[in-house]
Amino acid sequence: MAHFAKLDDNNIVLEVTVVNNADIHFLPFPESEAFGVQICRDVTGHQKWKQTSYNNNFRGNYAGIGYTYDSTNDVFYEPQPYASYTLNTTTWKWDPPIPYPEDGNYYHWDEEAYQADNTQGWVEVTE
């Protein structure tokens, strides 16, 4: 199956839909993308679509609702989870300002703790 992301005018993903491979794979990618996009346009009437890879074989990440499509770099990336996170333009993932502790325990990010003291942020999950 081929997956296509419906984009708004700001390149934000509104939905992801599936097109049967038999409908588009009679030509190699990227030519098959154009056929898939046309199918999506014909079925929905919406004009702005981009193919996304469920296996992350291209365009950085599999698109999800709320993700951004960066047309300059031809990638999808998820919404910024916290204000302090920065987008890694190699992996197209958001990196925390402090690396995740590697002591075998589980942690969650606490943005308020980081904003109060930028040497803090990871809070161990004890329950």
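Use the structure listed above.
Please read all numbers here as calculations on a predicted model, not as lab measurements.

Novice: How should the packing of aromatic side chains be read in this particular structure?
Specialist: Both the distance between ring centres and the angle between the ring planes are used here to describe each pair of aromatic rings. Applying the stated criterion across every chain yields a total of 10 aromatic pairs. Where Tyr85 meets Trp109, the ring centres are 5.6 Å apart and the plane angle is 75°; that geometry is what we call edge-to-face. With Tyr85 in the loop between β5 (75-77) and β6 (86-88) and Trp109 in strand β8 (residues 107-109), this pair connects stretches of sequence that are 24 residues apart. The exposure class assigned to Trp109 is buried, which follows from its relative accessible area of 6%. Measuring from centroid to centroid gives 4.9 Å for Trp109 and Trp122, while their planes differ by 75°, and the two rings are edge-to-face. With Trp109 in strand β8 and Trp122 in strand β9 (residues 122-124), the pair connects residues that are 13 residues apart, well separated along the chain. The exposure class of Trp122 is buried, given its relative accessible area of 19%.

Novice: Teacher, can you tell me more about the sheet that holds strand β2 (residues 13-19) here?
Specialist: Across a sheet, paired strands are connected by hydrogen bonds in the backbone, their directions being either parallel or antiparallel. Spatially, the 3 strands line up as an open sheet ordered β2-β1-β3, and their pairing is antiparallel. Two strands close off the open sheet at either side, each with one partner strand: β2 and β3 (49-52). The mean inter-strand angle of the sheet, taken between neighbouring strand axes irrespective of direction, is 30°. Relative to β2, strand β1 (residues 2-7) runs antiparallel, the two sharing 6 bridges. Of the residues in β2, the one forming a bridge with Phe4 is Thr17.

Calculation rules
- Residues numbered from 1 in each chain as written.
- Predicted model: local features only at pLDDT ≥ 70, side-chain atom pairs only at ≥ 80, totals over all residues.
- Heavy atoms only, no water.
- Phe/Tyr/Trp six-rings, centres within 6.5 Å; stacked < 30°, edge-to-face > 60°.
- Helix = DSSP H or I, 4+ residues; strand = E, 2+ residues; numbered from the N terminus.
- Buried < 20%, exposed > 50% of the residue type's maximum accessible area, 1.4 Å probe, protein only.
- Pairing = 2+ DSSP bridges.
- Axes fitted to C-alpha atoms, helices over the stretch in contact; angles between N-to-C directions.

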